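Spelled out from the first residue to the last, the chains are:
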Amino acid sequence: MALNEMQRQAVECTEGPLLVLAGAGSGKTTVLVNRVRYIIEKGLALPWQVLAITFTNKAAGELKERLVKALGEEANEIWAFTFHSCCARMLRRFGERLGYTGHFTIYDTDDQRRVMKHCQKSLGISDKILNHKSIINEISAAKDSLIGVKEYRESSANDFRKSKIADCYELYQKELLKADAMDFDDIIFNAVRLLEENGDVREHYQKQFKYVMVDEYQDTSHAQYVLVSLLAGGYENICVVGDDDQSIYRFRGATVENILSFEQRFKNAKVIRLEQNYRSTQNILDGANAVIANNKNRKGKNLWTAAGAGEKIILNTVNNENEESSFIAQEILKNVENGRKMSDHAILYRMNAQSRNLEITLTKSGIPHKIIGGNRFFDRREIKDIVSYFAVVNNPADNVRLQRILNVPKRGIGSTMAANVMEISTGLGISAFEVCERSDEFQKTLRSAQKLKDFAALIRHFQNFLNDGATLTELLEEIIKETGYFEYLAEDEPESAEDRKNNINELSSMFENYIQEDGDFELSDFLEDVALVSDIDSYNENEDCVVLMTLHSAKGLEFPVVFISGMEEGIFPSSLSVYSTEDLEEERRLAYVGITRAKEKLYLINARTRMLYGTTGRNMISRFIRELPESVTEDITADVYSRQSPVSVGRFGRSGAETIINRSSSSAAGKFGQVNSSPSNTGTVYSVGDTVRHKTFGTGIIISASAMGNDTLLEVAFDRAGTKKLMANFAKLEKI
DNA sequence: CCCTGGCCGCTTTTT
DNA sequence: GCGGCCAGGG
C-alpha cells in the first residue's frame, strides 16, 4: 500500500519525540513497519538497536512477521516485544541485582490470589473485613504508580485500612521474593527499579536503543511511561502511537494522560494525526464518530474514508437472548449462502458470560465457531496441575505451584499438613520444598514426614530426568506416569476425563511446535509463555470459523461483518459504569472500538429481557444506539411498535426510565409495566459526612454533594467499592 | 484425612 | 449459575 502524506511524515520523522495520533483503521501498523524499515535501510540504526513495544503478543507477533517480510531475516534481531516480555527479558539477565534468579517464575492472577490468602492468614486479616480482591487491586494500582512497600506505608500513616493493606503488601512481596516469583505488575515495576537503581544497566540499554517505538500508547500505565522514558533516555528518539478514543484499560491502571500530556512531557515533540480510515465504510465511520463525539475528555478527531457510504448499520431489537442468538445464527447462514466465509463474521459482547447462549445456538445451527477468552487454555484445571509440576521442577521455591500439586493426585497429604508446611516455610523463610525435604526435622510435619519426603524425591527425580537430557515431551510423559495423573482423572470425574486427557496431550504438540521454531527451546521459555500468552494470541484468522470475543479482546482486529450483542443499558454500558462520567466515557470508547472493528456490515442487537447470572432482567436499549444518527442506521426490528423515536437518555434522563413503558402500548405492556430502576424521590436529604449503605457497593461515607437539576450528585467513598459518583434519587441510599 | 452437601456472595473488561 | 468455603460425618 502506498503511504498517504501523513503516514509518510510519520515514517520519515525519525529524530526526536513524536506522537502519532492514529485513528482506528488508519494504517498504524503499516506506519510502524515502514518506519522501522526506513530507519534500518537508511542506516540510522542496526536492527537490534530498535525497540518496538506493543501491548499484546499478537500485535508483537504481527509486527515481527511484517518486518521479516519487509526486511528479511535480519528483522528477527529487532526488539519487537510486549511490555511484559521485554521487561522479563531484561530481568532474566539482570534480575540478580534485585535478588531474583534468572529463571524466576511469573505468577498469574490465580497464583496471586493464593499468595494473598496465605498472607492474610498469617497476618490474621479476615477476608470478611478486607477481602483479598481489594487488597490485590490496591497493591496493583500502587505498583502501576511505582509506589513500593515503603512509600505505601508512609502514605498510609493514619489510615487503618491502608496500614493493614501495607502489612499485606509487605508480606506478599516477601513471599514472592522467597518464591523467586513476580506477578504481572512486578515485572514492569522491577524493570523500572532495575534501570533506576543500576546506572550501568540503564546506560547499557540507553546506548543500545537508538530508536524506541510504543504502540497503543493510550493504554500505558504510569510505570510503563516511566519505563519507556528510561529506555529512550539515551537518544530521545521516541515515537508513540496511540488513539485516545481507544483507551479502554483505564480500570487497569492505564492513564490517557500519558497521551494527552505527551507534548508537555517531551518538549518539542511533533504531533501527527492519521484520520484517513482504510477499513470501514463511511456509514460505519459516521456512526463511530457520532458516538464518540459525546465524550468530553478527548483530543478530538474525525475519521473519514475514500470508500463509499456502504450498507447501513443494522439495528434489531429482539425479545430475549435466545432470539438474539438465533437472529445472529440466521444472518450468518444467510450471508454464507450469499458467498461470505464463516471467518468473515465476528460476534462481540461486553462480558464473557454472554457467550454461553451464543455458543449453544451456533453449535445447534452447525456454525463452526471459536470463543476467544473466557477460560484460557492454560487456566484449565488439568493444564494448571501439569504446568505446576513443570514450574516446581524449574523452580522448587515456587510455593504456590507446589501447594497446588502437593496432594494432586491424592497422596495422603491433607490440608492441615499442607498448612503446617506453609507455616514453617513462612516462619523460617525457607521454601516449602525445603520443608518437605527436611520434614523429619520439624515437630509439625513429623507425622507425614515420609509422604512429604517422597514428594520431594519425586520432584528431584523429574529434575534429574530433565538434566539427563530428556525432552519436554518426555518429561510430560514421565510426570503423567509417575504421578498416575490419568488414573486420577479417570477416578475423580470419569465424565470429563477424556477431554482433560486430550487437553494434556495438546501440550505435547505444543512442545513439538515450539522446538521446531526454536531448537534451544527450554522449560523456562515454555513457562514464560504460559504466563504471558493469552488465547487471543493463538487466534488464527485463516481458520474458517466465526469468532466470539469480548469487545476488549477485539481491539486491533477487523472483520467484514461484526455483530455486537447485548446493546443494552446495564450490559453495555455496564451497570457498574453508569454512575461515573469517567467510567461511562470509557464504555463509550469501548463502543467506538467495537463499531470500528466492522469493515462492511455492522449489526447492533439488543434484547428486551435477558437471563444473566441466573435471573432474568429487563434492559432498555443502549444509549450508544440512541447516539447514532438515524441516517446511517436501518431498524429491522420485527414488531416496530416497540421502537419509537428516542425519548430518554436512560436512567439519567429527565423524563426518567418510565418512558419505556409508553413505548409498548400493546399486550406487551404488562411485561414492561415494572421497570426496576425508577427514581425513588424520597426527599431524603444527604449531607457530607453521612454514612450510607448502597445495595451493591456496601457502606460508605458521603464526601461531596452538589445540586444537579432537581437531583443531587453525591460522591461516596465506599469501604470496599472505592469512590463512586451517584445520583441521590436513583441510588436508593440508606442513611445509617 | 477425605468427601459431601449446603450456604453464601458475587457477577466487567486482561497484559 | 457458579465457585468458594465451611461444617459435619465416614
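Refer to the structure above for everything that follows.
Residues numbered from 1 in each chain as written. Chains lettered and ligands numbered in written order. Predicted model: local features only at pLDDT ≥ 70, side-chain atom pairs only at ≥ 80, totals over all residues. Heavy atoms only, no water.

1. Side note on the overall build of chain A
Thinking step 1. Secondary structure summary: chain A contains 31 helices and 22 strands in total.
Thinking step 2. The long-range share in chain A, meaning contacts at least 24 apart out of those at least 6 apart in sequence, stands at 72%.
Thinking step 3. Here chain A has roughly 31,800 Å² of accessible surface; of this, 48% comes from carbon and sulfur atoms. (Helix = DSSP H or I, 4+ residues; strand = E, 2+ residues; numbered from the N terminus. Contact = heavy atoms within 4.5 Å. Areas by Shrake-Rupley, 256 points an atom, 1.4 Å probe, with all protein chains shown as cover.)

2. Some words on the sheet that holds strand 7 (residues 238–242)
By definition, the strands of a sheet pair up through backbone hydrogen bonds, in either a parallel or an antiparallel sense.
Thinking step 1. Spatial ordering of the open sheet is given by 3-2-6-7-1-8, a layout of six strands whose pairing is parallel. The open sheet has two edge strands with one neighbour each: strand 3 (79–82) and strand 8 (270–274). The sheet shows a mean angle of 15° between the axes of neighbouring strands, direction not considered.
Thinking step 2. The pairing of strand 2 (residues 50–54) with strand 3 spans four bridges and is parallel. Note that in strand 3 the partner of Leu51 across the bridge is Trp79.
Thinking step 3. Most of the contacts of helix 1 (residues 5–12) go to strand 8, to which it runs at about 145°, and overall it touches strand 1 (18–22) and strand 8. (Pairing = 2+ DSSP bridges. Axes fitted to C-alpha atoms, helices over the stretch in contact; angles between N-to-C directions.)

3. Considering the sheet that holds strand 11 (residues 369–371)
Thinking step 1. Spatially, 11-12-10-13-14-9-17 is the arrangement adopted by the seven strands of the open sheet, whose pairing is parallel. At either end of the open sheet lies a strand with only one pairing partner, and these are strand 11 and strand 17 (633–635). Each strand axis lies, on average, 20° off the axis of its neighbour in the sheet, ignoring direction.
Thinking step 2. Examined bridge by bridge, strand 10 (residues 345–349) and strand 12 (residues 546–550) share four bridges and lie parallel to one another. Paired with Ala346 across the bridge in strand 12 is Val547.
Thinking step 3. Against the sheet, helix 14 (residues 282–292) touches strand 9 (313–318) and strand 14 (598–607), its axis set at about 50° to strand 14.

4. A few points about the packing of helix 1 against helix 2 (residues 28–41)
Thinking step 1. Running from amino to carboxyl end, helix 1 crosses helix 2 at an angle of 40°, the nearest separation of the two axes being 8 Å. What the angle tells us is that helix 1 and helix 2 run oblique. Considering how the two elements wind past one another, helix 1 and helix 2 form a crossing that is right-handed. Touching Gln7, Ala10, Val11 and Glu12 of helix 1 are Val31, Asn34, Arg35 and Tyr38, all from helix 2. (Parallel < 35°, antiparallel > 145°, perpendicular 65-115°, else oblique. Left-handed = near helix turned anticlockwise from the far one by under 90°.)

5. Topic: the protein's contact with DNA strand B
Thinking step 1. Looking at DNA strand B, there are 25 residues lining it, with Phe55, Arg252, Arg350, Thr550 and Tyr613 nearest.
Thinking step 2. A share of 63% of the atoms of DNA strand B within 4 Å of the protein falls on sugar and phosphate groups.
Thinking step 3. Note that a sugar or linking oxygen of DNA strand B is positioned 2.7 Å from one of the backbone N or O atoms of Phe55.
Thinking step 4. A distance of 2.9 Å separates a phosphate oxygen of DNA strand B from a polar atom in the side chain of Lys133.
Thinking step 5. Listed by contribution, the elements that provide at least two residues to the surface near DNA strand B are helix 19 (415–428) and helix 26 (551–554).
Thinking step 6. A per-class count over the surface near DNA strand B returns 10 nonpolar, 10 polar and five charged. (Near = heavy atom within 4 Å. Polar contact = N/O pair within 3.5 Å; in protein donor to acceptor, adjacent residues only side chain to side chain. Nonpolar A, V, L, I, M, F, W, Y, C, P; charged D, E, K, R; others polar.)

6. A few points about the packing of aromatic side chains
Thinking step 1. Scanning all chains against the criterion turns up 22 aromatic pairs.
Thinking step 2. Ring plane angle 75° and centroid distance 6.4 Å describe the contact between Tyr514 and Phe526, whose orientation is recorded as edge-to-face. With Tyr514 in helix 24 (residues 494–517) and Phe526 in helix 25 (residues 523–532), the pair connects residues that are 12 residues apart, well separated along the chain. Judged on exposure class, the residue Tyr514 and its partner Phe526 are both buried.
Thinking step 3. An aromatic cluster of at least three residues, connected via ring pairs, comprises Trp79, Phe81, Phe94, Tyr205 and Phe209.
Thinking step 4. For the cation-ring pair, Arg92 lies above Phe104, with the distance from its terminal atom to the ring centre recorded as 4.0 Å.
Thinking step 5. Note that Lys501 overlies the ring of Phe486, its terminal NZ or CZ placed 5.4 Å from the centroid. (Phe/Tyr/Trp six-rings, centres within 6.5 Å; stacked < 30°, edge-to-face > 60°. Buried < 20%, exposed > 50% of the residue type's maximum accessible area, 1.4 Å probe, protein only. Lys NZ or Arg CZ within 6 Å of the ring centre and 35° of its normal.)

7. Some words on helix 23 (residues 485–492)
Thinking step 1. Along helix 23, the positions that sit buried rather than exposed are Tyr485, Phe486, Tyr488 and Leu489. Down the axis of helix 23, the buried side of the element spans an arc of 160°, and every buried residue falls inside it. Away from its buried face, by an angle of more than 90 degrees, helix 23 presents the exposed residues Glu487 and Glu491.
Thinking step 2. At its buried positions, helix 23 is contacted by helix 17 (381–394), helix 22 (472–483) and helix 24. (Arc of directions from axis to C-beta.)

8. Looking at the side chain of Asn34
Thinking step 1. Position of Asn34 relative to the elements: it lies in helix 2.
Thinking step 2. At a separation of 2.7 Å, a polar atom in the side chain of Asn34 contacts the main-chain carbonyl oxygen of Thr30.
Thinking step 3. Sequence-distant contacts of Asn34, defined by excluding residues within four places in its chain, comprise Leu3 and Val11.

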